[in-house]
Amino acid sequence: MATAMGKRLEGKTILVTGASSGIGRSTAKEFARTSPQNLKIIVTARRIDSLKELAQEIKEEVGDGVQVLPVQLDVSKPSGISSFVGALPEEFREIDVLVNNAGLVRGVARAPEIAAEDIDIMFSTNVTGLINMTQAVLPIFKKRPNGGRGDIINIGSIAGRDGYPGGSIYCATKAAVRTFTDSLRKELIDTRIRVIGVDPGQVETEFSVVRFYGDKAKADAVYAGCDPLTPDDIAEVIVFTAGRPENVVVADTLIFPQHQGSATIVHKRT
Ligand SMILES: NC(=O)c1ccc[n+]([C@@H]2O[C@H](COP(=O)([O-])OP(=O)(O)OC[C@H]3O[C@@H](n4cnc5c(N)ncnc54)[C@H](OP(=O)(O)O)[C@@H]3O)[C@@H](O)[C@H]2O)c1
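The sections below set out a description of the structure shown in this document. All chains use their own residue numbering, which begins from 1 and follows the written sequence. Note on the predicted model: pLDDT of at least 70 is required for a residue's local features to be given, and 80 or more for side-chain atom pairs to be given and counted; whole-chain, interface and lining totals, by contrast, use all residues.

1. Regarding the environment of serine 157
- Helix and strand definitions follow DSSP, with helices as H or I runs of at least four residues and strands as E runs of at least two, each counted in order from the N terminus. Tracing the backbone shows serine 157 in the loop between strand 5 (149-155) and helix 6 (168-187).
- Residue classification places serine 157 among the buried residues on the basis of 27 C-beta atoms within 10 Å.
- For the pair formed by serine 157 and cysteine 171, sequence separation is 14 residues and the distance between their alpha carbons is 8.1 Å.
- Excluding its chain neighbours within four sequence positions, the residues that come into contact with serine 157 are Lys174, Asp199 and Pro200. As a rule, residues whose C-beta atom has 12 or fewer other C-beta atoms within 10 Å are exposed, those with 20 or more are buried, and those in between are partly exposed; C-beta atoms are placed from the backbone. The contact rule is simple: place each C-beta atom from the backbone, and if two of them lie within 7 Å, those residues are in contact.

Structure, rendered in structure tokens:
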């Protein structure tokens, strides 16, 4: 028997950016598990092979009730985003939920030593990419009755609330996500469009491997002696927010593993 949340999500079309790994990948799977009877999920990222594997894994786990469409999309390239919605197959165009998850951190450099390329990649992905995706999808939401209907779920971070040394650019991008999210909710107050912020603390994904330019040993050291969240932990929160009754907006969330108290206060076992 379907849960109330599963029923509320039935028939929806979900779009998840950055679904080739980590939180995005888990989110696509969690949506499929929660509403396996009748759901469409568009999964996007740069690594198309990983998205195709994800589509296959979802099919094997929940069957044909969930249709998954893998689409290669680099959110840091505005031209790809502007043609993205129009190029979707007709049956996937009525997007109901946008999960703006694609994002990354590069390096631990401090000013004035931060590479211009890293600054550009973080801002064009985490900020401009998220804004461009939102602007591409919002017209679909706004065509619906009562000013519009749909969910925009923006993945921020504790880093957007609590800047830390060696993370200034990443923190600034996530602060921008937080402010954009809050402003957007106010701009859309006379609609049924829900604008939701999900701010994770420490989650073990490919995030730190990307931060250290592929150095897995350095990434593993970040998580040594503690128990970070898993991407599934965050996926459950994301799906929960989308699965609330229409009048309930989970506007803001901050999710820590038990040993974390701020961006930098993390208890490690010796
Ligand atoms: N892990 C944490 O501790 C943590 C904490 C707070 C917030 N977050 C946020 O959570 C989100 C997901 O990160 P994660 O931890 O799951 O890391 P991850 O495992 O590295 O996943 C990041 C995803 O973003 C995609 N991506 C990166 N650049 C992209 C681009 N230009 N265009 C399209 N997709 C792009 C990647 O796909 P491709 O490489 O295939 O493009 C990948 O699927 C990010 O916004 C991150 O800032 C993470």
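2. Section: the nonpolar core
- Membership of the largest hydrophobic core comes to 58 residues, with the highest contact counts inside it found for Leu15, Ala28, Ile41, Val43, Leu98, Ile153 and Ile238.
- At seven residues, helix 5 (residues 116-142) tops the list of elements feeding residues into this core.
- Other than its neighbours up to four places away in sequence, leucine 15 contacts Ile42, Ile95, Val97, Leu98, Val99 and Val137. We define the nonpolar core as any set of buried residues of the types Ala, Val, Leu, Ile, Met, Phe, Trp, Tyr and Cys, connected via C-beta atoms lying within 7 Å of each other.

3. Concerning helix 2 (residues 22-34)
- Multiplying 1.5 Å by the helix residue count minus one yields the expected span of that helix. Helix length check: helix 2, at 13 residues, gives a terminal C-alpha distance of 18 Å against a target of 18 Å (1.5 Å per residue), a fit within 8%.
- Buried residues dominate helix 2, accounting for twelve of its 13 residues.
- The set of residues buried in helix 2 consists of Gly22, Ile23, Gly24, Arg25, Ser26, Thr27, Ala28, Lys29, Glu30, Phe31, Ala32 and Thr34.

4. Points about the site of the ligand
- Using the backbone to place each C-beta atom, any residue with that atom within 6 Å of a molecule or strand is considered near it. Residues in contact with the ligand amount to 30 residues; listed here are only the nearest, Gly18, Gly22, Arg46, Arg47 and Gly103.
- Here the element with the most residues in the shell around the ligand is helix 2; it accounts for three residues.
- When residue character is reported, Ala, Val, Leu, Ile, Met, Phe, Trp, Tyr, Cys and Pro are called nonpolar, Asp, Glu, Lys and Arg charged, and the others, Gly included, polar. Residue classes in the shell around the ligand are distributed as 13 nonpolar, 13 polar and four charged.

5. Digging into the sheet that holds strand 3 (residues 66-72)
- The pairing criterion for strands is at least two bridges between them, as found by DSSP. Across the sheet, which stays open at both edges, the seven strands sit in the order 3-2-1-4-5-6-7 with parallel pairing between neighbours. The strands lining the two open edges of the sheet, one partner per strand, are strand 3 and strand 7 (252-255). Strand-to-strand twist across the sheet, computed as the mean angle between neighbouring axes with direction ignored, equals 15°.
- Relative to strand 4 (residues 97-100), strand 1 (residues 13-17) runs parallel, the two being bridged by three bridges. Each bridged residue has a counterpart across the sheet, and for isoleucine 14 the counterpart in strand 4 is valine 97. Only C-alpha atoms enter the line fits that serve as axes; for helices the fit covers just the stretch in contact. Angles between N-to-C directions range over 0 to 180 degrees.

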